[in-house]
Amino acid sequence: MKKKHKLVSYAKWGYIFIAPFFIVYAVAALWPLISTFYYSFFEYREQGLNTVGPNFVGLKNYVDLFTTSSYINNGTNQLFICLKNTMIMWILGAVPQFVFSLLLAVIFTSARLRIKGQRFFKTVIYMPNLIMAASFALLFFAIFSPIGPINQIMMNSGGEQILFFQRPLSARLLVAGVNFLMWFGNTTILLMAGIMGIDQSLFEAASIDGATSIQVFGRITMPLLMPIMVYVAITSLIGGLQMFDVPQILTNRGQPNNTCKTLIIFLNGYISGNRNYGVAGAISVLIFIVTGILSLIVYKTMVTNPDKPKKKAKKGV
C-alpha cells in the first residue's frame, strides 16, 4: 500500500507570527478604549480616600458637561473654549509647517536644482522629531522666561522686559513654534517621499514642452501629491487635538487665563486632579467624536472625485 503524504499547511504560522501584535493592541489599546466609553455612563470618582461608584447614570455626565455651572466659564462652555484654544494653536503651527515643508520637499527633489548633500539635510531637519516634546518646551521656557537670554538681550540694548508667557498671543505663538520645529522635518520627509513616487517621465515631458516650475508644481506635483497631503493634514489634526505636553509645561497648564488650555489639559484635570473618571470618560468620547468630524471635513475638503461629472453651465435663453 502506498503511504499517504500529509499536506503541510503553513498558513497557520502567519497567524501565529502576527498574533502578538493583536494581543498587545487588544490589551494596551482596545480594552482601554472600550472601558473609557463604558465608564462614561457611570458615576465613578474618588472623594477623599473613598471611591464613589461605579453607579450607572446614563447620559448624565454628558449633559452636565454642557449644562452644569461648574463647566461654564463666563457664559461659555469650557469644552468649547479648550477646543478653540487647541485649534488656534494647531493652525498657527500647522499652516507654516505645511508651507515650509512643501517648499523644502520641492527644492530637495527638484531635478533642475540637484542639491548635493541631501542625506545630511534630511537627517538635520528630522532630528528635532527625535527630541522629547517636554525637553523642547523646557528649552523654550528657559529662552523666553523673564530672566532668559531673549529678555536679557532686550534689556541690555535699552528695551523693556517682555513677559511672553503672560500674553495670550505670544504664549500661543510659542506653543505653535515648538510644534512647528518638532514636526516640520517629519512632514518634509513624507512629502519628499510622495514627490519621489511620482513618475519622473511626467516632469521630463513638462520640461520638454517648456512648462515653467510654477506650472509643473500646480499642474503635476500638487494634484498627484494630494493623497499624501490629505494623510499629513489628518494625522497633524489628530496630533493637534491631542496637544498636551508642550502647553502643559510651557504655559503652566494653559495660562494666561486659560487661553492656552487645550482639550487634553482639560481632560487631564479630571484624571489626575479631581479623579472623576466618569466625566473624564465622557470628555474622551466627545474628543473622539470631534476628531472624527473634523477629520471627515478635512478629507472631504481636500479630496476631489475625478470620476464625478461636472455640472454643465446653463445656457442663457
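Presented here is an overview of the structure given in this document. Computed from a predicted structure; not experimentally measured.

A tally of helices and strands in the protein yields 12 helices and 4 strands. The C-alpha radius of gyration of the protein comes to 26 Å, more than 25% above the 20 Å expected for a compact globule of 317 residues. Based on the C-alpha atoms only, the size of the protein along its principal axes is roughly 100 × 75 × 65 Å. A total of 317 residues make up the protein; the buried ones form 35% of that total. Long-range contacts, defined here as pairs at least 24 residues apart, represent 64% of the contacts in the protein between residues at least 6 apart. By element, 66% of the accessible surface of the protein is carried by carbon and sulfur atoms, the whole surface being about 20,900 Å². Each charge class in the protein can be summarised by its mean position, and for the 26 positive and 9 negative side chains these summaries are 10 Å apart.

It is worth spelling out the nonpolar core at this point. In globular proteins that are soluble, nonpolar side chains generally tend to be buried together. By size, the foremost hydrophobic cluster in this structure holds 60 residues, and its most contacted members are Leu65, Leu250 and Ile283. When contributions to this core are tallied by element, the ones reaching two or more residues are α2 (60-67), α3 (78-108), α5 (133-144), α7 (168-196), α9 (213-241), α10 (245-250), α11 (263-273) and α12 (277-302). With 11 residues, the single largest contributor to this core is α3. Setting aside residues up to four positions removed in sequence, leucine 250 forms contacts with Ala137, Phe140, Phe141, Phe165, Leu174, Val175 and Val178. Grouped together as the second largest cluster of nonpolar side chains are 6 residues, Ile198, Ala206, Val216 and Ile220 included.

We now examine the pairing of strand β1 (residues 42-47). Where β1 lies against strand β2 (residues 50-56), 5 bridges are found, and the strand directions are antiparallel. Paired with glutamate 43 across the strands is asparagine 55, a residue of β2. Between the end of β1 and the start of β2, which pair antiparallel, lie 2 residues, with glycine 48 showing a positive phi angle near 70 degrees.

Below, the discussion takes up the packing of α9 against α12. Packed helix pairs are specified by the crossing angle of their axes together with the interaxial distance, meaning the distance between the axes. At their nearest, the axes of α9 and α12 sit 10 Å apart, and the two run at 160 degrees to each other. Relative to α12, α9 is oriented roughly antiparallel. Between α9 and α12 the crossing geometry is right-handed. Seen from α9, the contacting residues are Met226, Met229, Val230, Ala233, Ile234, Leu237, Ile238 and Leu241; seen from α12, they are Thr291, Leu294, Ser295, Val298, Tyr299 and Met302. Here the contact of α9 with α12 is composed, by residue class, of 12 nonpolar, 2 polar and no charged.

This part is about the pattern of salt bridges. All chains considered together, the criterion is met by 3 salt bridges. For the salt bridge of arginine 45 with glutamate 43, the shortest nitrogen-to-oxygen distance reads 3.1 Å. Look at arginine 45 and you get partly exposed, because its relative accessible area is 25%. For lysine 60, the salt bridge is made with aspartate 64, and the minimal N-O distance between the two is 2.7 Å. In this pair, lysine 60 and aspartate 64 both sit in helix α2, 4 residues apart, roughly one turn of the helix. Since its relative accessible area comes to 45%, lysine 60 is described here as partly exposed.

This next bit is on the environment of proline 146. Checked against the element boundaries, proline 146 lands in the loop between α5 and α6 (149-156). For proline 146, a relative accessible area of 35% corresponds to the partly exposed category. Put simply, proline 146 and isoleucine 214 are 68 residues apart on the chain and 45 Å apart in space, counted from C-alpha to C-alpha. Residues within four places of proline 146 in sequence aside, it is in contact with Asn151, Gln161 and Leu163.

Under the definition given, this model contains 23 aromatic pairs. Taking 5.2 Å as the distance between ring centres and 80 degrees as the angle between the ring planes, the aromatic pair formed by phenylalanine 144 and phenylalanine 164 counts as edge-to-face. Note that phenylalanine 144 is positioned in helix α5 and phenylalanine 164 in the loop between α6 and α7, a separation of 20 residues in sequence. Each member of the pair phenylalanine 144 and phenylalanine 164 is classed as buried. Cluster of aromatic residues (ring-pair linked, three or more members): Tyr38, Tyr39, Phe42, Tyr44, Phe56 and Tyr277.

Quick notes on the rules
- Residues numbered from 1 in each chain as written.
- Predicted model: local features only at pLDDT ≥ 70, side-chain atom pairs only at ≥ 80, totals over all residues.
- Heavy atoms only, no water.
- Helix = DSSP H or I, 4+ residues; strand = E, 2+ residues; numbered from the N terminus.
- Rg over C-alpha atoms; globule rule 2.2 N^0.38 Å.
- Buried < 20%, exposed > 50% of the residue type's maximum accessible area, 1.4 Å probe, protein only.
- Contact = heavy atoms within 4.5 Å.
- Areas by Shrake-Rupley, 256 points an atom, 1.4 Å probe, with all protein chains shown as cover.
- Lys, Arg positive; Asp, Glu negative; His and termini not counted.
- Charge placed at Lys NZ, Arg CZ, Asp CG, Glu CD.
- Core = buried A, V, L, I, M, F, W, Y, C linked by side-chain atoms within 4.5 Å.
- Pairing = 2+ DSSP bridges.
- Axes fitted to C-alpha atoms, helices over the stretch in contact; angles between N-to-C directions.
- Parallel < 35°, antiparallel > 145°, perpendicular 65-115°, else oblique.
- Left-handed = near helix turned anticlockwise from the far one by under 90°.
- Nonpolar A, V, L, I, M, F, W, Y, C, P; charged D, E, K, R; others polar.
- Salt bridge = Lys/Arg side-chain N within 4 Å of Asp/Glu carboxyl O.
- Phe/Tyr/Trp six-rings, centres within 6.5 Å; stacked < 30°, edge-to-face > 60°.

Scope: geometric values only; no functional claims are made or implied.
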